[in-house]
Amino acid sequence: MWKRLHQFASPKFFYHFSGHLIPWLWGAFAIFLIYGLISGLLFAPPDYQQGDAYRIIYVHVPAASLSLMVFSVMGTMSIIYLIWRIKLADVVATASASIGAWFTFLALVTGAIWGKPMWGTWWIWDARLTSELILLFLYLGVIALRNAMKTPDTAARAVSVLTLVGLVDLPIIHYSVDWWNTLHQKATILKLAKPDIAPSMLYPLLAMMVAFFLYYCALMLMRVRIELLEREKRADWVKNILYPSTNGIGASKD
Amino acid sequence: MKPHRKKRLYMILVILLGVTLSASLAIYALGQNMNLYFTPSQAIVNKAPTDKTLRIGGLVKEGSVKRDSNSLKVNFTLTDHSYEIPVQYTGILPALFREGQGIVAQGKLNVAGVLIADQVLAKHDEKYMPPNISAVREGSE
């Protein structure tokens, strides 16, 4: 089992493995996205309070939940990197940061667009909105810190610790609507009780959440592959990929 | 697990514990300030000051909305079913404003205990359903 994991974490193996996986991820993403968009925007009924305006939920909620999920992936990768010094974990964290930052930005922007007609304001400093904004700053801090460091190893350690510190914001975002009174309403889906949403509206939303997740996986793996080539550019397996014609030392095999 | 890895794991746990502790202390220190608004009960029982801007959140009392016929002025009452605060507001109300709706009004209390609001925001709940189902549900209650 440990041998399997170590093989999985080897850059060469992971590069080829993810190369096979990515097309399938994009295909599944397209299916979920098309189903989610068509059923969510055209077939789901309007809401009893908000009419058709609630349909921005099909972008807002997936973006917001992915913004939390991507950061928790980065947190997990940081812990793995700090303990076992597995470089692939740091590469995954690197590739995830800017995607997560964009999800957070999208959640904030769609939330503002939704808030203006429904609540009556683009922005309010309530606990949910503020903690989500802090998450955006955490993402930007992680990206900036990595770019500020010269060698990948020192960058990886510093960024991992910052990510660990940032993890504390995730439960605050999730529970902010329960712990304090906020303008943002409480959780609809991510709670222990039954979701408070009609099934005809829920299924497109779940499909969109899966679509966003697959999008993240596919994009992240593509970025991981580029980052692996960049970091391993002196390794033979990379030279074989980049210059297949010049069969130099250690060529062939794959 | 090898000893040096175990040591790093403990370091991580210490960092996580420390960060959680400091975040909890910061939040504890902020206390009531983390809340966006006061309920009418909190405002009345604790005798909210008249010279400070504050937010009151509650439900719009049924039958309390009175619109001025030749201006944008509107009067209504916010309730949490135990205490009530009358609100006066001049301006455009959010689309979700109606009787029974959760509302957050921001402004200053005058000496008569009326909140002179400069902003009225609507809260909506976490429930999403088609109009016909909500009509059936309301009818059955």
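Scroll up a little and you will see the structure.
Residues numbered from 1 in each chain as written. Chains lettered and ligands numbered in written order. Predicted model: local features only at pLDDT ≥ 70, side-chain atom pairs only at ≥ 80, totals over all residues. Heavy atoms only, no water.

Novice: Would you mind going over the environment of Met1(B) with me for this structure?
Specialist: By secondary structure assignment, the location of Met1(B) is in the segment before helix 1 (3-30). Spatially, the C-alpha atom of Met1(B) lies 69 Å from that of Val74(B), the residues being 73 residues apart in sequence. (Helix = DSSP H or I, 4+ residues; strand = E, 2+ residues; numbered from the N terminus.)

Novice: Can you walk me through the packing of aromatic side chains in this structure?
Specialist: What describes a pair of aromatic rings is the distance from one ring centre to the other and the angle between the planes of the rings. Residue and element names in this part refer to chain A. With the rule as written, the count across this model stands at 19 aromatic pairs over all chains. Each ring, one from Trp26 and one from Tyr215, has its centre 5.8 Å from the other, and the planes form 70°; the classification is edge-to-face. With Trp26 in helix 2 (residues 11-43) and Tyr215 in helix 8 (residues 199-231), this pair connects stretches of sequence that are 189 residues apart. Tyr215 gets classed as partly exposed once you look at its relative accessible area, which sits at 31%. Taken together, the ring pairs in this structure connect Trp26, Phe29, Phe103, Phe212 and Tyr215 into an aromatic cluster. Geometry around Tyr15 places Arg225 over its ring, the cationic atom sitting 4.0 Å from the centre. (Phe/Tyr/Trp six-rings, centres within 6.5 Å; stacked < 30°, edge-to-face > 60°. Buried < 20%, exposed > 50% of the residue type's maximum accessible area, 1.4 Å probe, protein only. Lys NZ or Arg CZ within 6 Å of the ring centre and 35° of its normal.)

Novice: What is the right way to look at the interface of chain A and chain B in this model?
Specialist: By a widely used convention, the size of an interface equals the accessible area lost when the partners come together. With 43 residues of chain A at the contact, the number on the chain B side is 36 residues. Carbon and sulfur atoms supply 64% of the area that chain A and chain B bury against each other, a total of about 3600 Å² over both sides. Its largest share of buried area at the contact with chain B, chain A owes to Tyr48(A), Ile83(A) and Asn181(A), together 20% of the area lost on that side. Applying the counting criterion to the chain A and chain B interface returns 14 residue pairs in polar contact (both at pLDDT 80 or more). Those elements that place two or more of their residues in the side of chain A that touches chain B are helix 3 (57-84), helix 4 (87-118) and helix 6 (152-166) of chain A. When residues of the side of chain A that touches chain B are assigned to their parent elements, the largest contribution, five residues, is made by helix 3 of chain A. For the side of chain A that touches chain B, the residue count by class is 28 nonpolar, nine polar and six charged. (Contact = heavy atoms within 4.5 Å. Buried area = accessible area lost by both parts, 1.4 Å probe. Polar contact = N/O pair within 3.5 Å; in protein donor to acceptor, adjacent residues only side chain to side chain. Nonpolar A, V, L, I, M, F, W, Y, C, P; charged D, E, K, R; others polar.)

Novice: What's the story with helix 2 of chain A in this structure? I'm lost.
Specialist: Think of an α-helix as turning once every 3.6 residues; residues three or four places apart then point the same way. Residues and elements named next belong to chain A. With 33 residues, helix 2 extends 45 Å between its outermost C-alpha atoms, agreeing within 8% with the 48 Å of an ideal straight helix rising 1.5 Å per residue. The largest bend in helix 2 amounts to roughly 30° and is located at Leu21, with the proline Pro23 lying one to four residues further along. Among the residues making up helix 2, those that are buried are Phe14, Tyr15, Ser18, Ile22, Leu25, Phe29, Gly36, Ser39 and Gly40. (Expected span 1.5 Å × (residues − 1). Bend = angle between axes of the 7 residues up to and from the residue.)

Novice: Whenever I open this one, the nonpolar core confuses me. Can you help?
Specialist: The nonpolar side chains of a soluble globular protein tend to be buried with one another. Counting residues in each nonpolar core, the largest one holds 95 residues, and the members touching the most others are Val224(A), Phe76(B) and Val120(B). Those residues in contact with Phe76(B) that lie beyond four places of it in its chain are Val60(B), Ser64(B), Val65(B), Ile85(B), Pro86(B), Val87(B), Phe97(B), Ile103(B) and Val120(B). (Core = buried A, V, L, I, M, F, W, Y, C linked by side-chain atoms within 4.5 Å.)

Novice: Would you mind showing me how to read empty space enclosed by the protein here?
Specialist: A probe matching the size of a water molecule, rolled over the atoms, marks out where space remains unfilled. Residue and element names in this part refer to chain A. Taken as a whole, this structure holds three cavities of 30 Å³ or more when the rule is applied. Its boundaries defined by the atoms lining it, the largest cavity holds a volume of some 630 Å³. The wall of the largest cavity is formed by 31 residues, among which His60, Val61, Ala64, Arg128 and His184 lie closest to the centre. The set of elements that each furnish at least two residues to the lining of the largest cavity consists of helix 3, helix 4, helix 5 (127-148) and helix 7 (169-179). With seven residues, the single largest contributor to the lining of the largest cavity is helix 4. Across the lining of the largest cavity, the residue classes break down as 19 nonpolar, nine polar and three charged. Approximately 40 Å³ is the volume attributed to the second largest cavity. As for the second largest cavity, its lining consists of Pro11, Lys87, Leu88, Val91, Leu228, Arg231 and Glu232. Contributing elements (two or more residues each) for the lining of the second largest cavity: helix 4 and helix 8. No other element matches helix 4, which puts three residues into the lining of the second largest cavity. (1 Å grid on protein atoms, 1.4 Å probe; cavity = no way out; pocket = protein on both sides within 12 Å on 5 of 7 lines; lining within 4 Å. Points joined across faces, edges and corners; volume = space filled by probe spheres on them.)

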